[in-house]
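The residues making up each chain are set out below.
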Amino acid sequence: MDKRREKAVLHHCFASAKNHIKNGDKNKARDYCDMGIAYVAGKREKGMGAKDLIEDVRVELWLERFWMFLENNKLMLG
């Protein structure tokens, strides 16, 4: 994957989730959060730690952003 594209994955997921929730599409918003969380999980499996940076943001902060977005917008399943 090209470095510029990889560098924007999480920012894109989070911005897309916010855009979809604003437009009333809760399912798409949830999907983008799930994609962001899965992307981070893949990086963690490859050895990244909570304090490591992805797109100049700590891994733990990315996870917190996505989970808080899901909770605050009542998008949690089950």
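Residues numbered from 1 in each chain as written. Predicted model: local features only at pLDDT ≥ 70, side-chain atom pairs only at ≥ 80, totals over all residues. Heavy atoms only, no water.

Caption draft 1: Seen up close, the overall build of the protein chain. A tally of helices and strands in the protein chain yields four helices and two strands. The helix and strand sequence of the protein chain, counted from the amino end, reads α-α-α-β-β-α. Residue burial in the protein chain is summarised as follows: out of 78 residues, 31% are buried. Pairs at least 24 apart in sequence give 54% of the contacts found in the protein chain among residues at least 6 apart. Total accessible area on the protein chain stands at roughly 5300 Å², and carbon and sulfur atoms take up 52% of it. Of the side chains in the protein chain, 16 bear a positive and 12 a negative charge, and the two mean positions are spaced by 3 Å. (Helix = DSSP H or I, 4+ residues; strand = E, 2+ residues; numbered from the N terminus. Buried < 20%, exposed > 50% of the residue type's maximum accessible area, 1.4 Å probe, protein only. Contact = heavy atoms within 4.5 Å. Areas by Shrake-Rupley, 256 points an atom, 1.4 Å probe, with all protein chains shown as cover. Lys, Arg positive; Asp, Glu negative; His and termini not counted. Charge placed at Lys NZ, Arg CZ, Asp CG, Glu CD.)

Caption draft 2: Representation of the nonpolar core. Ranked by internal contacts, the top residues of the largest apolar core, which has 19 residues, are L10, C33, V40, I54, W62, F66 and F69. For this core, the secondary-structure elements that each account for two or more residues are α2 (9-22), α3 (26-45) and α4 (59-72). By residue number, the principal contributor to this core is α3, which donates six residues. Once residues within four sequence positions are removed from consideration, L10 is found in contact with G36, Y39, V40, I54, E55, W62 and F66. (Core = buried A, V, L, I, M, F, W, Y, C linked by side-chain atoms within 4.5 Å.)

Caption draft 3: How the structure looks around the packing of aromatic side chains. By the definition in use, this model includes three aromatic pairs. Seen from their ring centres, F14 and F69 are 5.8 Å apart, and the 70° between their planes marks the pair as edge-to-face. Taken together, the positions of F14 in helix α2 and F69 in helix α4 put the pair 55 residues apart, joining distant regions of the chain. Judged by its relative accessible area of 17%, F14 is buried. In this structure F69 comes out as buried when scored by relative accessible area, which is 9%. Geometrically, the ring pair formed by W62 and F66 is stacked, given 5.9 Å between the ring centres and 20° between the ring planes. (Phe/Tyr/Trp six-rings, centres within 6.5 Å; stacked < 30°, edge-to-face > 60°.)

Caption draft 4: Highlighting unusual backbone geometry. Positive phi outside glycine occurs at D56, with the angle close to 65°. Within the secondary structure, D56 sits in the loop between β1 (53-54) and β2 (57-58). Given a relative accessible area of 62%, D56 falls into the exposed group. One non-glycine residue, K74, adopts positive backbone phi at about 55°. Along the polypeptide, K74 turns up in the segment after α4.

Caption draft 5: Spotlight on the state of the cysteines. Across all of its chains, the model carries zero disulfides by this definition. The thiol of C13 is unpaired, and the distance to the nearest cysteine sulfur, on C33, comes to 8.5 Å. (Disulfide = S-S within 2.5 Å.)

Keep in mind that these numbers describe shape and distance, not what the molecule does.
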